[in-house]
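These are the residues of each chain, in order.
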Amino acid sequence: MSSPQPNLTPRDTPLQPGDAAPDFTLKNQKIEDWTLSDALKKGDVVLCFYPMDFSPVCSTEMKCVTDEMQKFIDRGAQIVGISTDSFFTHKAWAESLGLTHDILADMHADVCRAYGLHFPELNVAARGTIVVGQDGTVKWSQGRELGAAMNNDEVLASIS
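Conventions we followed
- Residues numbered from 1 in each chain as written.
- Predicted model: local features only at pLDDT ≥ 70, side-chain atom pairs only at ≥ 80, totals over all residues.
- Heavy atoms only, no water.
- Salt bridge = Lys/Arg side-chain N within 4 Å of Asp/Glu carboxyl O.
- Disulfide = S-S within 2.5 Å.
- Helix = DSSP H or I, 4+ residues; strand = E, 2+ residues; numbered from the N terminus.
- Contact = heavy atoms within 4.5 Å.
- Core = buried A, V, L, I, M, F, W, Y, C linked by side-chain atoms within 4.5 Å.
- Buried < 20%, exposed > 50% of the residue type's maximum accessible area, 1.4 Å probe, protein only.

Enquirer: Help me out: how do you make sense of the pattern of salt bridges in this one?
Expert: Opposite charge on two side chains lets them pair, provided their charged atoms get close. As enumerated under the stated definition, the model contains 7 salt bridges in all. The salt bridge involving lysine 71 is made with glutamate 68; its shortest N-O contact spans 3.9 Å.

This is the structure in structure tokens:
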């Protein structure tokens, strides 16, 4: 089976500041296309990679994103979650937690591999955050252990 996003090249380490962020299109929990280059027309984009819906750390992390969404909006950025779960799973999870931001389904793991945030032992996204500036380059990146949630204050500092 061929990759649905052949323009993406896998890498072993997370993208770093100054790297070009590969463009991609994934379905969100509403089964709508979400494209990075379109989102960047509105400002910086925070890509939050996480392993699995319905897991404790991921649920806490994404709930904190929704709870602090206005802080990201105030800085002119949008924030999205990305995992290898399906858009159907994302929909049920988002509804159960009251998540208001887009959760993107990287079901073939093409995007997490291209961003250097793939956890091959479970074939899921690794935990990490990449801030892409409006010019399409990485402004800030952080890979984390699977059990280490994102620190919103650190991410917000990178986009302010």
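Enquirer: What exactly am I supposed to notice about the state of the cysteines here?
Expert: Joining two cysteines, a disulfide is a covalent bond between their sulfur atoms. According to the stated counting rule, one finds 0 disulfides in the structure shown. Cysteine cysteine 64 remains unbridged, with the sulfur of cysteine 48 as its closest cysteine sulfur at 11 Å.

Enquirer: Just checking my understanding: could you explain the environment of alanine 125 for this structure?
Expert: Secondary-structure assignment places alanine 125 in strand S7 (residues 124–125). Along the sequence, alanine 125 and tyrosine 115 sit 10 residues apart, while their C-alpha atoms lie 9.9 Å from each other. Not counting residues up to four positions away in its chain, the partners in contact with alanine 125 are Phe49, Tyr50, Pro51, Ile82, Ser83, Thr84, Cys112, Leu117 and Phe119.

Enquirer: Mind showing me how you'd approach the nonpolar core here?
Expert: A general trend in soluble globular proteins is that nonpolar side chains are found buried together. Counting 26 residues, the largest nonpolar core has Phe24, Trp34, Leu47, Phe49, Tyr115 and Ile130 as the members making the most contacts within it. Sorting the residues of this core by element identifies helix H1 (36–40), strand S3 (44–49), strand S4 (77–83), helix H5 (110–114) and strand S8 (127–132) as the ones contributing at least two each. One finds Ala77, Ala94, Ile103 and Val155 within the second-largest nonpolar core, a separate group that totals 20 residues.

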